[in-house]
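Overview (structure and organization)
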Amino acid sequence: MASTSPSDDVLDNPAWHALTGPHASFALGGDLVRRYPADVAPFVAVRTWDDPRVWQALVDLVGPGQEIALSGADPDLPDGWEELGRGEGVQLVQTDALQPVPFDEAIELGAADVSEMLALVERNQPGPFRPRTFELGRYIGIRRDGRLIAMAGERLHPQGWTEISAVSTDVEHRGQGLASRLVLDVAFHIQRRGDRALLHAAATNVGAIRVYERLGFTLRRHTTFLAVRTPASAGDRVLVG
């Protein structure tokens, strides 16, 4: 595990520390569990899995029979909960080798670009992106012949850190270094405001991980991404222990 900074502990639960910190204005929930609005991001965050009350708090927050995404944890599910899928991921953090630089061709993206951003994500599947995800931070892209063909931006924002996310390039424009240059531009602006950059990637995406490591990121930890469904009946109280 890489040694980075005294604030590393927030990266063990980045969604929670974002929703109780810089992204608190987006937060739905309370002291045990919080989530982003569904049109912003799919993530549900738990303060600690050591408190058995979190299971009922999750049902109270999202409702019965609902699919939710949990990241960075692999808890034992109580009776009535259903695991829908899982994936293994990695968390990467910047090192001193990272040399961010602006990308002059990049343009900032916003509300007027959402339909094209969603279409680009649909074509390339870099990870979750919703109609209001762009509100979480700065998003940039590349247009060729008027068409959005690449993008990257900022998502989770635990105190002192900003996640680079939605790194995506259409297949016919790959091999030109666009994704790397977009990542370095996003990292440049993250560093300029005093934060450090992190990334998450599927463990199977070895090509992207290799690129990030060449840019100056290093593996901090392995993570689990879990999709689960809450108990189907509102009358089924969650009992733990």
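Above this note sits the structure.
Now for a description of the structure that goes with this document.

Calculation rules
- Residues numbered from 1 in each chain as written.
- Predicted model: local features only at pLDDT ≥ 70, side-chain atom pairs only at ≥ 80, totals over all residues.
- Heavy atoms only, no water.
- Helix = DSSP H or I, 4+ residues; strand = E, 2+ residues; numbered from the N terminus.
- Rg over C-alpha atoms; globule rule 2.2 N^0.38 Å.
- Buried < 20%, exposed > 50% of the residue type's maximum accessible area, 1.4 Å probe, protein only.
- Contact = heavy atoms within 4.5 Å.
- Areas by Shrake-Rupley, 256 points an atom, 1.4 Å probe, with all protein chains shown as cover.
- Lys, Arg positive; Asp, Glu negative; His and termini not counted.
- Charge placed at Lys NZ, Arg CZ, Asp CG, Glu CD.
- Polar contact = N/O pair within 3.5 Å; in protein donor to acceptor, adjacent residues only side chain to side chain.
- 1 Å grid on protein atoms, 1.4 Å probe; cavity = no way out; pocket = protein on both sides within 12 Å on 5 of 7 lines; lining within 4 Å.
- Points joined across faces, edges and corners; volume = space filled by probe spheres on them.
- Nonpolar A, V, L, I, M, F, W, Y, C, P; charged D, E, K, R; others polar.
- Pairing = 2+ DSSP bridges.
- Axes fitted to C-alpha atoms, helices over the stretch in contact; angles between N-to-C directions.

Once that is clear, we can look at the overall build of the protein chain. For the protein chain, the count of helices and strands is five helices and 11 strands. Taking 2.2 N^0.38 as the reference for a compact globule, 241 residues should give roughly 18 Å; the C-alpha atoms of the protein chain span a radius of gyration of 18 Å, in line with that estimate. When the backbone C-alpha atoms are referred to their principal axes, the protein chain occupies close to 55 × 40 × 30 Å. Relative to its full complement of 241 residues, the protein chain shows a buried share of 50%. Partitioning the contacts of the protein chain with sequence separation of at least 6, the portion at a separation of at least 24 is 72%. Surface exposure of the protein chain reaches about 11,300 Å², of which carbon and sulfur atoms provide 48%. Positive and negative charge centroids in the protein chain, built from 24 and 32 side chains respectively, lie 3 Å apart.

Along the polypeptide, Glu 154 turns up in strand S8 (residues 147-154). When its relative accessible area of 4% is taken as the criterion, Glu 154 is described as buried. Within the local environment of Glu 154, its side chain forms a polar contact with the side chain of Arg 193, the two groups lying 3.2 Å apart. When residues no more than four places from it in sequence are discounted, the contact partners of Glu 154 are Leu 136, Gly 137, Arg 138, Tyr 139, Thr 162, Glu 163, Val 186, Ile 190 and Arg 193.

The subject of this paragraph is the layout of surface pockets. In this structure, the second largest pocket spans a volume of roughly 180 Å³. Taken together, 14 residues make up the lining of the second largest pocket; nearest its centre are Asn 13, Val 46, Trp 49, Ser 71 and Ala 73. Top contributing element to the lining of the second largest pocket by residue count: strand S3 (residues 44-46), with three residues. Residues of the lining of the second largest pocket, tallied by class, amount to eight nonpolar, four polar and two charged.

This paragraph deals with the sheet that holds S8. The eight strands are arranged S4-S11-S5-S10-S9-S8-S7-S6 in an open sheet whose pairing can be described as mixed. Edge strands, defined here as strands with exactly one partner in the open sheet, are strand S4 (67-71) and strand S6 (107-109). Each adjacent strand pair in this sheet contributes to an overall mean axis angle of 30°, direction not counted. Relative to strand S7 (residues 139-144), S6 runs antiparallel, the two being bridged by three bridges.

Below, the discussion takes up unusual backbone geometry. Residues other than glycine seldom take positive phi values, yet Asp 145 does so here, at roughly 55°. Within the chain, Ala 166 stands out as a residue other than glycine whose phi angle is a positive 55°. Residue position: Ala 166 is located in strand S9 (residues 161-169).

Structural measurements only, silent on function.
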